[in-house]
Amino acid sequence: MIVRGKVTKQELKAIDYFADALLSPQLKQHIIINISFRKTDNHWGLTIIEDYNSKGKPREFILEIKKDLKKHERLMTIAHEMVHVKQYANMELNEQMNMWQGNYINSDIVPYMQQPWEIEAYNIGDNLYEEFMSEFNLERT
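Below is a short write-up of the structure. (Residues numbered from 1 in each chain as written. Predicted model: local features only at pLDDT ≥ 70, side-chain atom pairs only at ≥ 80, totals over all residues. Heavy atoms only, no water.)

1. Description of the pairing of strand β3 (residues 45-52)
Put simply, the rule reads: Two strands are counted as paired when DSSP detects at least two bridges linking them. Think of it this way: any DSSP run of H or I at least four residues long counts as a helix, any run of E at least two long counts as a strand, and we number them from the N terminus.
In terms of strand pairing, β3 meets strand β4 (residues 58-66) through seven bridges, oriented antiparallel. Its bridge partner being in β4, Ile49 is matched across the sheet by Phe61. The turn linking β3 back onto β4 is made up of five residues, and Gly56 within it adopts a positive phi angle of 80°.

2. Thoughts on the pairing of strand β2 (residues 32-38)
Inclusion rule: When accessible area is computed with a 1.4 Å probe and restricted to protein chains, residues below 20% of their type maximum are described as buried, those above 50% as exposed, and intermediate ones as partly exposed.
In terms of burial, β2 is a largely internal element, six of the seven residues being buried. Where strand β1 (residues 2-4) meets β2, three bridges bridge the pair, whose relative direction is parallel. The partner of Val3 across the bridge, within β2, is Ile33. By the bridge criterion, seven bridges tie β2 to β4 in an arrangement that is parallel. Following the sheet pairing, Ile33 is matched in β4 by Phe61.

The structure is reproduced here in structure tokens:
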């Protein structure tokens, strides 16, 4: 996996940890993560498909993370967004966010917190964040 962008050593370690938990070793070696920290008011994080491989599968992603989050909030958001990377890379979720595991879901009607990809991202992302913090004995600051 290639990670581009200005990240701390801890954030890089977290991205790698989350990728190991979420992606097969084969898939992980083909993933590119471009991470950027931006000033935004409306969300903590966003995953954007940047590019596809020759077979039309998403392999390069932009993780846009809110710039002024606390350290633990950044890591929690990165964990959440890495679940979305897994969803896109495994083609569980399409770029338009209206096909989930082969089923049509109207994301304009289904509330954000009831969208199945968000339910999964919050559940798995929160668990991965907690595992990472415990494994490396990190404080939530």
